[in-house]
Amino acid sequence: MSGTPDTPTPPPTTPDHHPRDLVGVGIGPFNLSLAALAHPLDGLDTAFYEQRPAFHWHPGLLIDGATLQVPFLADLVTLADPTNPWSFLNYLKTRERLYPFYFAEHFHIHRAEYDAYCRWVSDNLPHLHYNHQIDAIRWNPERAVFDIDYTQLDRDGEAEAVGRTHARNIALGIGTAPHVPEPLKPLADAPTVPVIHAADYLLHRDRFLTADHITVIGSGQSGAEVFLDLLRHRPAGAEKLHWLTRTPAFAPMEYSKLGLEHFTPDYTHYFHALPETVRDRLVPSQWQLHKGIDTDTIAAIHDELYRRTLHGGWPDAVLTPGVHVRTAGRVATTRVELHLEHVEQGTRSRLTTDAVILATGYRERPLDRLLAALDPYLRRDASDRPRVDEHHRLVLDPTVTGHLYVQNAERHTHGVGAPDLGLAAWRAARILNHLTGTTPYPQPQRTAFTHFGLTPPTGRATPRTPAEQRGTLVRLKN
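Sequence order as written defines residue numbering, which begins from 1 separately in each chain. In view of the model being predicted, local features appear only for residues whose pLDDT reaches at least 70, and side-chain atom pairs are presented and counted only at 80 or more, with totals across whole chains, interfaces and linings using the full set of residues. Derived side-chain values reflect all non-hydrogen atoms in the structure, with water molecules and hydrogen atoms excluded from consideration.

A. Structural detail: the overall build of the protein chain. Counting from the N terminus, the helices are the DSSP runs of H or I reaching at least four residues and the strands are the DSSP runs of E reaching at least two. Scanning the protein chain for helices and strands turns up 13 helices and 18 strands. Radius of gyration here uses only the C-alpha atoms, and the compact-globule reference equals 2.2 Å multiplied by the residue count raised to the power 0.38. Since a compact globule built from 478 residues should have a radius of gyration of about 23 Å, the 24 Å found for the protein chain is in line with a globular shape. Here the protein chain holds 478 residues, and 50% of them are scored as buried. Sequence-distant contacts, at least 24 apart, represent 70% of the contacts inside the protein chain between residues at least 6 apart. In the structure as shown, the protein chain presents an accessible area of about 23,300 Å², 54% of it carried by carbon and sulfur atoms. In this tally, Asp and Glu contribute negative charge and Lys and Arg positive charge; neither His nor the terminal groups of the chain are included. The location of each charge is read from NZ of Lys, CZ of Arg, CG of Asp or CD of Glu. A distance of 2 Å separates the average location of the 47 positive side-chain charges in the protein chain from that of its 55 negative side-chain charges. A 1.4 Å probe rolled over the protein chains alone gives each residue an accessible area, and that area as a share of the maximum for its type sets the label: buried under 20%, exposed over 50%, partly exposed in between. Whether two residues are in contact is decided by their heavy atoms: any pair within 4.5 Å suffices. A 1.4 Å probe and the Shrake-Rupley method give the accessible areas. Residues count as covered only by the protein chains that appear here.

Structure (structure tokens):
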């Protein structure tokens, strides 16, 4: 594959009544990966819709110096197609930054750089439609297509026009939403109370830095990065910071090479084949695979705290694990009172603070509203969750002949790798292979040294095709 995507060909004009082969709902990294891998496939008619005006990846957490927790090879396409022009390395080439990157020796790139790379793809890739809010999805049995209703938004996010498009297949990539614990929801929803989710940290940082006392709640990477950033911007001896976590320790993320094999296709296949009850037991027990803190960040926090002891005294920073917030309320008009409980001690106390930052993670956005009209067709598990098959499709009634794929909404069926950027290209390639009924992106037959079950992998299950032996990709034909 040659050339660069700086001057992409414009998308073909397609009447709204003409069904597309694939419509993507949401344009985050996962559906952007799907769009990038679908782009070079001949004869595949696609469109992707997003209600936001442009691509932005966690803008409130693009803290200076913060890096991805996956290598740069976990871009949108490389692990499925290293020759694809939408790769991170090609992005660097078009920006004449390959040599600086080469000498920088950064295996883990800055988050801001990953965001800029994704925006470069989204700005140049055709068939992406921003300012389009998907309102409803229905199955049309007469035409054997999905009917998709949308509202086109203006620059201010107000409704400008309504429309309908049709698709033979859909990929849902609506992402996750910031999670606010129940005791703090009323305060977070009140505009005058200084309680925010870490997703909005940079939007409020300057205002929060003027607060007399700041509390960070949450034990993961985001909580650590926010605490470190606050610490670096507070005067020595007058930091007035509290960091509280539910976990029993400020634990490092599992980052050993064999531990990382839980984020391979091999483990995903293994996990999907387990009984539902076993999967439900495994997911919460594996929190340290994805909810721990990078060891470099832990070291940077300790170094910053230690530096503040060099001339005697201790920094005014309290780090307490094993604590959860029972209730919370206002004090006066803007201060917040947290009612805390220490699990191991069985003790309770109160903490009054001037600002609270919730690094309490994200939850999958519920599909119920969007798929309300498809509810009679959905097949659910014992916990009333949508069933998802090995091809990342929602299991639907056999009368629905179209496919409804999901991305990052299948942790309960595919494990901790569902939200991991390192599996984005593999999953997108798997979806496209299944959708087309061909192998434009040949899949590896083995990806881990670990045998996760008693039946070990046996290498490639089928002989390599001539195209695979030549290292070429099979493309769809018109």
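B. Seen up close, empty space enclosed by the protein. Think of a 1 Å grid over just the protein atoms. A cavity is a set of points where a 1.4 Å probe fits yet cannot get out, a pocket is an open set with protein on both sides within 12 Å along at least five of seven lines, and lining residues have an atom within 4 Å of a point. Grid points are joined across faces, edges and corners, and a volume is the space filled by probe spheres set on the points. This model, assessed by the stated rule, comprises two cavities of 30 Å³ or more. Considering only enclosed or pocket space, the largest cavity measures out at about 40 Å³ in volume. Quantified by volume, the second largest cavity comes out at close to 30 Å³. Surrounding the second largest cavity, L172, I174, G175, E364, R365, L367, Q407, N408 and A409 form its lining.

C. Up close: the pattern of salt bridges. Salt bridges are counted wherever a side-chain nitrogen of Lys or Arg sits within 4 Å of a carboxyl oxygen of Asp or Glu. By the definition in use, this model includes 26 salt bridges. Taking the shortest distance from any N to any O, the salt bridge between E341 and R348 comes out at 3.8 Å. Across the salt bridge formed by R393 and D389, the nearest N and O atoms sit 2.6 Å from each other. Through salt bridges that share partners, E239, E304, R307 and R308 make up one connected network.

D. Spotlight on the pairing of strand β15 (residues 347-353). Think of it this way: DSSP has to see at least two bridges between two strands before they count as a pair. Relative to β15, strand β14 (residues 335-342) is paired through seven bridges, and the arrangement is antiparallel. When the sheet's bridge partners are listed, E337 is paired in β15 with T352. Where β14 folds back onto β15 in an antiparallel hairpin, the turn is made up of four residues, including G346, whose phi is positive at roughly 70°.

E. Expanded view of the packing of helix α6 (residues 201-209) against helix α7 (residues 221-232). Taken N-terminus to C-terminus, the directions of α6 and α7 make an angle of 35°; their axes are 12 Å apart at the nearest point. Between α6 and α7 the crossing geometry is right-handed. Mapping the contact onto sequence places Y201, R205 and L209 in α6 and V226, D229 and L230 in α7. Under the scheme applied here, ten amino acids are nonpolar (Ala, Val, Leu, Ile, Met, Phe, Trp, Tyr, Cys and Pro), four are charged (Asp, Glu, Lys and Arg), and all others, including Gly, are polar. Grouping the amino acids of the contact of α6 with α7 by side-chain chemistry returns four nonpolar, no polar and two charged. Note on geometry: axes are C-alpha line fits, over the in-contact stretch for helices, and angles between N-to-C directions span 0 to 180 degrees. Here a crossing is called left-handed whenever its near helix is offset anticlockwise from the far helix by less than a right angle, and right-handed whenever the offset is clockwise.

F. Representation of the confidence of the model for the protein chain in the model. A score from 0 to 100, pLDDT tells how confident the predictor is in each residue. Looking at the protein chain, pLDDT values average 91 and 92% of them are 70 or higher. This model gives residues 6-15 a pLDDT under 50, and the stretch forms 12 contacts once residues within four places in sequence are excluded. In this model residues 459-478 is a low-confidence stretch, pLDDT under 50, and it forms 30 contacts with partners more than four residues away in sequence or in other chains.

G. Representation of the sheet that holds β14. Read from one edge of the open sheet, three strands run β13-β14-β15, paired in antiparallel fashion. Among the strands making up the open sheet, the edge pair consists of β13 (323-331) and β15. Neighbour-to-neighbour, the strand axes of the sheet open up by a mean angle of 20°, direction not taken into account.

H. A look at the nonpolar core. Formed by 47 residues in total, the largest nonpolar core has its most connected members in L32, L37, Y114 and Y117. Listed by contribution, the elements that provide at least two residues to this core are α1 (29-38), α2 (88-94), α4 (111-124) and α12 (424-436). Residues in contact with Y114, not counting those within four places in the same chain, are P29, W57, L68, A74, L76, I109 and L421. Counting 26 residues, the second-largest nonpolar core is a separate cluster that includes Y201, A211, A317 and A355. Put simply, a nonpolar core is a bunch of buried Ala, Val, Leu, Ile, Met, Phe, Trp, Tyr and Cys residues held in one set by side-chain atoms that sit within 4.5 Å of each other.

I. A nonpolar patch on the surface, seen in detail. Together, L89, L98, Y99, Y102 and F103 make up a nonpolar patch on the protein surface, roughly 590 Å² of accessible area in all. Take the nonpolar patch: its biggest share by element is four residues, from helix α3 (residues 98-104). Within the patch definition used here, like charges are joined within 9 Å and nonpolar side chains (Val, Leu, Ile, Met, Phe, Trp, Tyr) within 5 Å, considering only residues with over 30% relative accessible area and no salt bridge.

J. Inspection of the environment of A273 at higher detail. Relative to the helices and strands, A273 is located in the loop between α8 (265-272) and α9 (276-285). Sequence separation between A273 and R97 is 176 residues; the distance between their C-alpha atoms is 44 Å.

K. The packing of aromatic side chains, seen in detail. In summary, the pairing rule links any two rings of Phe, Tyr or Trp, Trp by its six-membered ring, whose centres are within 6.5 Å, and it sorts them by plane angle into stacked for under 30 degrees, edge-to-face for over 60 and tilted for everything else. Inspection of every chain in the model, using the stated rule, returns 23 aromatic pairs. Members of the aromatic cluster, connected to one another through ring pairs, are W57, F72, W86, F88, Y91, F101, F107, Y114, Y117 and W120. Here the basic side chain of R52 rests over the ring of F55, its NZ or CZ set 5.9 Å away from the ring centre. Over a ring means this: the NZ of a Lys or the CZ of an Arg is within 6 Å of the ring centre and within 35 degrees of the ring normal. The positively charged end of R427 is found above the aromatic ring belonging to F30, 4.5 Å away from the centroid.

L. Structural detail: the packing of α8 against α9. One way to put it is that α8 packs onto α9 with a least axis distance of 10 Å and a crossing angle of 135°. What the angle tells us is that α8 and α9 run oblique. Along its contact with α8, which presents Y267, F271 and H272, the element α9 presents R279, L282 and V283. Of the residues in the contact of α8 with α9, the class split is four nonpolar, one polar and one charged. If an angle is under 35 degrees, it is roughly parallel; if it is over 145, roughly antiparallel; if it lies from 65 to 115, roughly perpendicular; otherwise it is oblique.

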